[in-house]
Amino acid sequence: MPSVLAEPSLLPAFSKALDLSWISKMQVNQPAVLRRAQQIQARRTVKKEWQAAWLLKAVTFIDLTTLSGDDTSSNIQRLCYKAKYPIREDLLKTLNMHDKGLTTAAVCVYPARVCDAVRALKAAGCTIPVASVATGFPAGQTHLKTRLEEIRLAVEDGATEIDVVINRTLVLTGQWEALYDEIRQFRKACGEAHLKTILATGELGSLTNVYKASMIAMMAGSDFIKTSTGKETVNATFPVAIVMLRAIRDFFWKTGNKVGFKPAGGIRSAKDSLAWLSLVKEELGDEWLTPDLFRIGASTLLSDIERQVCNNPLSWDKLTSVFLRKKRKIPYWAMRTREKTSSDLPHCTQTSAFIQANPHLKWADWTRERECA
Amino acid sequence: MAATRTKPSAREIFTTLEYGPVPESHACALAWLDTQDRHLGHYVNGKWLKPEHRNSVPCQDPITGERLAICLQAQAEDVVAAVEAAGTAFENWSGLPGASRAQHLLRLAKMIQKHQRLLWTLESLVTGRAVREVRDGDVPLAQQLLQYHAVQAYTQEEVLAGWEPMGVIGLILSPTFSFLEMMWRICPALAVGCTVVVLVPPASPTPLLLAQLAGELGSFPGILNVISGPASLGPVLASQPGVQKVTFCGAIEGGLRLLIQESVWDETMRRLQERMARLRGGRGLDGAVDMGARGAAAHDLAQRYVREARSQGAQVFQAGAVPSDSPFFPPTLVSDLPPASPCTQAEVPWPVVVASPFRTAKEALAVANGTPRGASASVWSERLGQALELGYGLRVGTVWINAHGLRNAEVPTGGCKESGSSWSGGPDGLYEYLRPSGTPARLSYFSENLNYGTFGLAVPSTLPAGPEIGPSPATPYGLLIGGHFQAPGARSSRPIQDAQGNLHGYVAEGGAKDIRGAVEAAHQAAPGWVGQSPGARATLLWALATALERREAALTSRLERHGTELKDAKVEVELSARQLRAWGARAQAQGHVLQVAGLKGPVLRLREPLGVLAIVCPDEWPLLAFVSLLAAALAHGNTVVLVPSGACPIPALELCQDMAALLPAGLVNVVTGDRDHLTRCLALHQDVQALWYFGSAQGSQFVEWASAGNLKPVWVNRGCPWAWDQEAKGAGRELGLRAARTKALWLPMGD
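Bear in mind that the values here come from a model prediction, so they are computed numbers and not experimental data.

## Things to note about the overall build of chain A
- Helix and strand counts for chain A stand at 17 helices and eight strands.
- Taken over 373 residues, chain A has a buried fraction of 57%.
- Considering only contacts in chain A between residues 6 or more positions apart, those separated by 24 or more positions represent 78%.
- Surface accessibility of chain A: about 15,400 Å² in total, with carbon and sulfur atoms responsible for 54%.

## A closer look at the packing of helix α19 (residues 552-561) of chain B against helix α20 (residues 566-586) of chain B
All names here are of chain B.
- Contact pair α19 / α20: the axes reach a minimum separation of 9 Å and the direction vectors enclose 130°. In terms of their interaxial angle, α19 and α20 are classed as oblique. For the element pair α19 and α20, the recorded crossing hand is right-handed. Residues E552, L555, T556, L559 and E560 of α19 form the contact with α20, whose own contacting residues are L566, A569, K570, E572 and V573.
- Classifying every residue of the contact of α19 with α20 gives five nonpolar, one polar and four charged.

## Describing the UniProt feature "domain: Aldehyde dehydrogenase" (unreviewed entry) in chain B
- UniProt feature "domain: Aldehyde dehydrogenase" (unreviewed entry): in the numbering of this structure it lies at residues 48-253, 257-435 and 496-719 of chain B.
- Across residues 257-435 of chain B one finds 33% helix and 17% strand; the C-alpha atoms that close the span lie 38 Å apart.

## Digging into the sheet that holds strand β4 (residues 56-60) of chain B
Residue and element names in this part refer to chain B.
- Strand order in the open sheet formed by three strands is β1-β5-β4, with mixed pairing between adjacent strands. One side of each edge strand has no neighbouring strand; the edge strands of this open sheet are β1 (39-40) and β4.
- The pairing of β4 with strand β5 (residues 67-72) spans five bridges and is antiparallel. The residue bridging Q60 from the neighbouring strand is R67, located in β5.

## Quick word on the side chain of T742 of chain B
Residue and element names in this part refer to chain B.
- Assignment of secondary structure puts T742 in strand β29 (residues 740-746).
- A polar contact of 2.5 Å, which involves the side chain of T742, links it to the side chain of D428.
- At 2.9 Å, the side chain of T742 and the side chain of R607 are in polar contact.
- Setting aside residues no more than four positions away along its own chain, T742 makes contact with G397, P412, W423, D428, R605, L606 and R607.

## A closer look at helix α17 (residues 512-531) of chain B
- Taking 1.5 Å per residue as the helical rise, α17 of chain B with its 20 residues ought to reach 28 Å, and the 29 Å between its terminal C-alpha atoms agrees with that figure.
- Where α17 of chain B is concerned, the buried positions are D514, I515, A518, V519, A521, A522, A525, A526 and W529 of chain B.

## A word on the sheet that holds strand β14 (residues 352-358) of chain B
Residue and element names in this part refer to chain B.
- Taken in spatial order, the four strands of this open sheet run β11-β14-β13-β12, and their pairing is mixed. Two strands close off the open sheet at either side, each with one partner strand: β11 (256-261) and β12 (315-318). In this sheet, neighbouring strand axes are inclined to one another by 25° on average, regardless of whether the strands run parallel or antiparallel.

## A few points about the interface of chain A and chain B
- On the chain B side, the residues contacting the 44 residues of chain A number 39 residues.
- Both sides of the chain A and chain B interface together cover about 3,800 Å² of buried area, and 54% of this is carbon and sulfur.
- Three residues stand out in chain A for area buried against chain B, namely R43, W50 and W253 of chain A, and they jointly supply 20% of the buried area on that side.
- Across the chain A-chain B interface, the total number found is four salt bridges.
- In this structure, the salt-bridge partner of R43 of chain A is D290 of chain B, at a minimum N-O distance of 3.1 Å.
- Linking chain A to chain B there are 15 residue pairs in polar contact (both at pLDDT 80 or more).
- With seven residues, helix α2 (residues 30-43) of chain A is the single largest residue contributor to the side of chain A that touches chain B.
- Looking at the side of chain A that touches chain B residue by residue, the class counts come to 18 nonpolar, 10 polar and 16 charged.

About the thresholds
Residues numbered from 1 in each chain as written. Chains lettered and ligands numbered in written order. Predicted model: local features only at pLDDT ≥ 70, side-chain atom pairs only at ≥ 80, totals over all residues. Heavy atoms only, no water. Helix = DSSP H or I, 4+ residues; strand = E, 2+ residues; numbered from the N terminus. Buried < 20%, exposed > 50% of the residue type's maximum accessible area, 1.4 Å probe, protein only. Contact = heavy atoms within 4.5 Å. Areas by Shrake-Rupley, 256 points an atom, 1.4 Å probe, with all protein chains shown as cover. Axes fitted to C-alpha atoms, helices over the stretch in contact; angles between N-to-C directions. Parallel < 35°, antiparallel > 145°, perpendicular 65-115°, else oblique. Left-handed = near helix turned anticlockwise from the far one by under 90°. Nonpolar A, V, L, I, M, F, W, Y, C, P; charged D, E, K, R; others polar. UniProt positions renumbered as here; feature names shortened; annotations may be inferred. Pairing = 2+ DSSP bridges. Polar contact = N/O pair within 3.5 Å; in protein donor to acceptor, adjacent residues only side chain to side chain. Expected span 1.5 Å × (residues − 1). Buried area = accessible area lost by both parts, 1.4 Å probe. Salt bridge = Lys/Arg side-chain N within 4 Å of Asp/Glu carboxyl O.

Have a look at this one:
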């Protein structure tokens, strides 16, 4: 397993000429997709060691994101610190994972904050890539010229991954050639940087459109296709993901090229993240479970994962022995809820556990971050 | 297996990202078995019955082989005790108002909800099925079934007026069944007021647990009794005088046959294999497996099938993360099976899928309908028109369009051909356990002396019965076959005598050859008649009614000559015309749309014709019975072969002259002759799709026996004459129920 710290491989972006026959006959069977989506969540669960390992793996897929109007260099700094040290050191030690150099896959910010992020990460001495949203995020309703300029500027500032939003108008009116051309131009503007194309699936109208848009985005040379901006009313859902994953598979079968997948928006709980991992594992296989091909866009997910790793019976066995060595009394709720999930904990305990786990965050920051998500 | 391997550390899993075991604790199932000292008997009348001096069989975990409990094998006297208990309980239970029965069923649903964990772990532990399947599918559906049928019980007095519960129902379960199959049958039976005796195969504790849950409700202990014993007890249960009806329940879903259009064959196979490779198999009590195991017998069956298919040159694809040792068998895709291979005909075992290509939808339909089974099918197509055409054309009980395996308590589930002809769920399920009020209970009409080999085999010779009186020498009536009258194959006639013993006329002496011709003609007419709109059918029936009225004088005099009072004869003719019109009108309103919880889209409940229906008419009410049966059958789109009353066939034959002129050729075929002989020919004919018999007790017994061989739906009167002039009978709903088959067509929607 190569270290996740390794420089993300900047492969020459693949693209192919537009072939409308790949999408013209396509028809997605929505009831069947819904049924599959329903089943897959119930069929795969992981427990104990597996859960802990999967959760830590999920951390390495996270594009740690902050996209709010009041982002400043200080909270970007904190974000970058969190990206570098996503999980408490003592927890990692109990799982014998402290030497893996665990970080998130990237940090994701607005174009104007790319400089801050690059600086902060440099200061921390790590090579986590900085991703920037661009092209009139989140609506994409600005002129093509300014959208392209936005990409170029973000790349100039040091972003190595660009999350662009597509023009939904083109999808809804069926202008597939125009959509292809636009994404081609985004691709060119990105240069060496990775292109992640946000389909904003909540606004595409139908699953068939989701499939077609995915295919066009891949043909035009996207490195990743991403579900949503996180600002639509409907964000990353399982049915949409299944359609996108099948499109990725079809594209792979047709061209031999692997395109990545990034669900974003609404993924808040550790349990959700596990479901996403198993979904990708089931639909595309293990080879897609690397940060090069799978990302999760999230802002508050990380803290829940940390809490769940902490609640894992494995960590508990060791942590409680630490408690006992220090002659500290195990709090009553810990004794009662050892076998249970964190949702059984009283609310105030959850909060205090979170605050203890994130000493670098101020209370106000935390509440705001939660709301933004 | 996972247990023998050293447990990987979190660090290793971080790299491999493999799935781990998710064991579901089955401590409660074991604890329940402990309450019985691991010694299970039968559950009768709210108590455990553990008679002494009985054989016992071990109940084993199908995967580890660990012995979980010992199960006693019942003997005949245990069955008698259970039937007696059910009989006693029936008196109270059936007398209750529907609302109280509804209350009781709801309490049972609550009881199941309280103990659902015990239920699903026990079922998964004993059968080896994936716990996820039982927990997320079967248990909620079991509760839903109880709730739905509680509502039906509540409205019984209003909606099912004119029907009464049959009595004690015997239910025989096949060796591989799920407890859900039992619930599908006991819920409607209990709801309408019947009580049940279930004979389960040895070593199946789940039905016993269900019976205990029902028994512990206290008030009506004897309504559900469970006996565990060998299949040889089936006839004992069936022949108990108290048992009014016996139903069988088949195995859980087996393997599948997949028909794929050639143009998408490669693509579909690739996707199928990709998906199969990701299936996980393992111990049923693991929460993250897709398929469990179904014991060594199922494994051997699948292995034999796959080995044979391979030896015949088929392609076999096996995949999935499934343990390689005995009870586990990987999901298997068999393709390129040579058409002549025996595997093409044999039933596909679980978990095998046999794929074969087809060129056109028409060809697919022919292949699919060519199998002897007819429980369910699914159609996958993005073209709605094509999918619907296939959905309507498939001869099965349930069709899912672009979905598979959906079930709901409100939707009737059943089948046709070898998959049986009884229904469970929905309104159709209720009628299985009801009979029109006032009909006598089933008497023990079963005769040991009937020789099936010789019944109706030889036709007594017919000799001249002269002297002929009347204006001119009476020409014998011919047989109405394929739209015109023809002479019988045997070239002989039989005399018909009137009430005074004088010769009334000659009718043709039909035989096996004529039956063959009639069935053939009926088959040819079937597609045309099925394709007619109900309105067109009604028009024809009404035209026939008018023709019948024109013949009123002749028909009345014919009836009078056979000893009917003039007044009654007039009434009979008048009622006959009314019957034709009434059924014509009813033809218009059939089937309806169901809206099912949890499904976006409708479920169509279709009423489809049975096909070629043979009817042996009773001697009583020679014209009215003939017309009632005929009208009901035609209104529902069947084509018919009729044997009119033996003593008085002439009024019916008179009407045939109008039918020959009015109706499409072959729609109605009438064969006269020796009734026993004709009944034998019809019952043993493989292409007669259903048979109604109104005649002697012996004939009824023969018909039931003969239909066991080709599994055609039969309806017999067991020698009891019917009052055809009463609405409850002649025109009643039972006739309508019997004249068509229900099909559920699921149409999930969405884009």
